[in-house]
Amino acid sequence: MNAILKGAYLSAMAAQITAFNGPEPTPNPDLSDPKAIVAKIEGLMTQMRAENDAALKGKANSDTVDNMNTEITALKAALETAQKAAQRALIGGPGGGDGAELAQNAARFMTLARGKRAAVGDAADIEAYQEYRGAFDTLVRREGNVDNLAPEIRNALSVGSDPKGGYFVPTEVSTEMVQRIFDTSPMRQISSVTTIGTSAWTAPYKTSKGTSGGWVGERSARPATDTPTVGTQRIEVHEQYAYPEITQDMLDDASLDIEGWLVQETQDEMGRVENTAFVGGDGVMKPKGFLSYKDTAVTTTDKAGRAWGKLQYIPMGDAGAFPSITNGAANANCLIDTIAALHPNYRAGARWTMNRTVEAEIRKLKDAEGRYLIGMSQIEGALQFDIHGFPITNLEDMPDLGADSFSIAFGNFQQGYKIIDRSGFRLIRDNLTNKPYVGFYIAKRTGGDVRNFDAIKLIKASAS
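What comes next is a walk through the structure.

1. A look at the pattern of salt bridges
- Using the criterion set out here, one finds 26 salt bridges in the structure.
- Put simply, Arg 371 and Asp 367 hold a salt bridge, and the shortest N to O gap is 3.0 Å.
- Note that Asp 421 is salt-bridged to Lys 444, the shortest N-O span being 3.6 Å. With Asp 421 in strand β13 (residues 417–422) and Lys 444 in strand β15 (residues 437–450), this residue pair connects regions lying 23 residues apart in the sequence. Side by side, Asp 421 and Lys 444 carry an identical accessibility label, which is buried.

2. Details of the side chain of Gln 233
- On the secondary structure map, Gln 233 appears in strand β4 (residues 229–236).
- Polar side-chain contacts of Gln 233 include one of 2.8 Å to the backbone oxygen of Val 450.
- Among the polar contacts made by the side chain of Gln 233, one reaches the side chain of Arg 451 at a distance of 3.1 Å.
- Not counting residues within four places of it along the chain, the set of residues in contact with Gln 233 comprises Trp 201, Thr 202, Ala 203, Tyr 205, Trp 308, Asp 449, Val 450 and Arg 451.

3. What to know about the packing of helix α4 (residues 99–114) against helix α7 (residues 171–184)
- At a minimum axis separation of 9 Å, α4 and α7 run at an interaxial angle of 85 degrees. On the basis of the axis angle, α4 is roughly perpendicular to α7. Two secondary-structure elements touch here, α4 through Asn 105, Arg 108 and Phe 109 and α7 through Thr 171, Glu 172 and Thr 175.
- In terms of residue class, the contact of α4 with α7 is built from 1 nonpolar, 3 polar and 2 charged.

4. Brief notes about unusual backbone geometry
- Residue Pro 436 is bonded to the preceding Lys 435 through a cis peptide linkage, with omega at 10 degrees.
- Note that Pro 436 resides in the loop between β14 (426–430) and β15.
- Positive phi values are uncommon outside glycine, yet His 388 reaches one of about 55 degrees.
- Residue position: His 388 is located in the loop between β10 (382–387) and β11 (390–394).
- In this structure, Asp 404 is a non-glycine residue whose phi angle is positive, near 65 degrees.
- In this structure, Asp 404 sits in the loop between β11 and β12 (408–411).

5. Some words on the packing of aromatic side chains
- Applying the stated criterion across every chain, the model contains 13 aromatic pairs.
- Summarising the aromatic geometry, the rings of Trp 261 and Phe 440 are spaced 5.9 Å apart at their centres and angled 70 degrees between planes, so their arrangement reads as edge-to-face. One end of the pair, Trp 261, is in helix α10 (residues 258–280); the other, Phe 440, is in strand β15, with 179 residues separating them in the sequence.
- For Trp 261, a relative accessible area of 15% translates into the label buried.
- Among the residues examined, Phe 440 registers a relative accessible area of 0% and is labelled buried.
- Where Tyr 293 meets Phe 453, the ring centres are 5.0 Å apart and the plane angle is 80 degrees; that geometry is what we call edge-to-face. Here Tyr 293, found in the loop between α10 and β7 (312–315), pairs with Phe 453, found in the loop between β15 and β16 (456–460); they are 160 residues apart in sequence, far enough to count as distant. Considered together, Tyr 293 and Phe 453 belong to a single accessibility category, that of buried residues.
- Ring-pair connections join several aromatic residues into one group, and the members of that group are Phe 109, Tyr 129, Tyr 132 and Phe 136.
- The residue whose ring lies beneath Lys 444 is Phe 425, and the NZ or CZ to ring-centre distance is 5.6 Å.

6. Things to note about empty space enclosed by the protein
- Going through the model one piece at a time under the given rule, you end up with 1 cavity of 30 Å³ or more.
- Forming the walls of the largest cavity are Val 178, Ile 181, Arg 188, Gln 240, Glu 274, Asp 421, Phe 425 and Lys 444.
- Residues belonging to the lining of the largest cavity are distributed by class as follows: 3 nonpolar, 1 polar and 4 charged.

7. A closer look at the layout of surface pockets
- By volume, the largest pocket amounts to about 1,000 Å³.
- In this structure, the largest pocket is lined by 33 residues; those nearest its centre are Glu 80, Gln 83, Lys 84, Gln 189 and Thr 393.
- Taken together, the elements giving at least two residues each to the lining of the largest pocket come down to α3 (62–87), α7, α8 (186–190), α10, β10 and β11.
- Across the lining of the largest pocket, the residue classes tally to 11 nonpolar, 11 polar and 11 charged.

Basis of the calculations
Residues numbered from 1 in each chain as written. Predicted model: local features only at pLDDT ≥ 70, side-chain atom pairs only at ≥ 80, totals over all residues. Heavy atoms only, no water. Salt bridge = Lys/Arg side-chain N within 4 Å of Asp/Glu carboxyl O. Helix = DSSP H or I, 4+ residues; strand = E, 2+ residues; numbered from the N terminus. Buried < 20%, exposed > 50% of the residue type's maximum accessible area, 1.4 Å probe, protein only. Polar contact = N/O pair within 3.5 Å; in protein donor to acceptor, adjacent residues only side chain to side chain. Contact = heavy atoms within 4.5 Å. Axes fitted to C-alpha atoms, helices over the stretch in contact; angles between N-to-C directions. Parallel < 35°, antiparallel > 145°, perpendicular 65-115°, else oblique. Nonpolar A, V, L, I, M, F, W, Y, C, P; charged D, E, K, R; others polar. Phe/Tyr/Trp six-rings, centres within 6.5 Å; stacked < 30°, edge-to-face > 60°. Lys NZ or Arg CZ within 6 Å of the ring centre and 35° of its normal. 1 Å grid on protein atoms, 1.4 Å probe; cavity = no way out; pocket = protein on both sides within 12 Å on 5 of 7 lines; lining within 4 Å. Points joined across faces, edges and corners; volume = space filled by probe spheres on them.

Right, here's the structure in full:
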């Protein structure tokens, strides 16, 4: 066999093997490299859509599509982790930063500790704060009984003593805790967040609109018109906590970054707990989540004068699933109807929310024109999945698709949902409850509720 025939033969054999086995899988990406993960996801999306098209025509196995879809979902999670790791910058440090930063940190801390505003640059406050930072590290590492500490340590700790028990966490560490919790709590990333120094946040809201008297002539009578009425919304803060434990031997190890350890452990616990409450919390000793309003949600539109305190829902058209049309296409008119239901003033910044399982289901669906419902784009190097141009945020506390489930929401959460933080973390050291472990009760007060009931829409998996 000459070289030309041999080459043609090998090419033909390779084509047959590819046709039989499917396309050669792309290599696994470096999960610490966002660019590599994005390239892998884009390649998998192309392959999955080709396989899904074939499966809809009965020419491929749908299990292959599901496996690819599962891998895309896992890679999306890995991408989010890699992007946060690449973007996160540590805030502050043991020394409190440079002079200006130290002065700011000292003023914020003293304001929290005293309950009244402290002046930035006060030399006495800066010195007291620096002493407190060193004393706080001693308190955490050594025996928890303050009486056993040296007098100068007890004196330094007094400036951060909380009358309700425990000690305030130094500003830099507290700020880093907030940032880490922010990273792990998607609701914080898409909602409005306000920090207060009291136990509750209050603001007025409009319960009814005023009316115009219409056009009048120069001498026409001008009777009184209806005056808009307002109510007051109150969002109280509730205590959330983390309670990590560590052995005394590890605390005695000078090489242990005790502040970094506290930040990490606090993030893992608080981020998970609070995000669950922001989505579905009932408001009893916890924030009130936006899905807690599903039982009173109605189909009444904004124009029809829906009562304040009620969210509008749009029915999916079938119980638990998108209605099918033909050739695997789905009747996804409810998505378009939901976008139309949201006032144009709120659409800039609007997004879809759902869990990863629901997104994966929609990822396989096409409309009547054969276009996939979920699009994909890159914005400033970040991969983004969207539906009709609006991005998707995964909230794992939202339910899977099922009969009468509220598995999808759409809206401008910056205007629709309000998160309230009471400034500062409080720490209580416990070396007695579970010896030989030392526990750290780290508490923070947080609240949340729907602020604007026109800015968030729900989709209900039902026929009506």
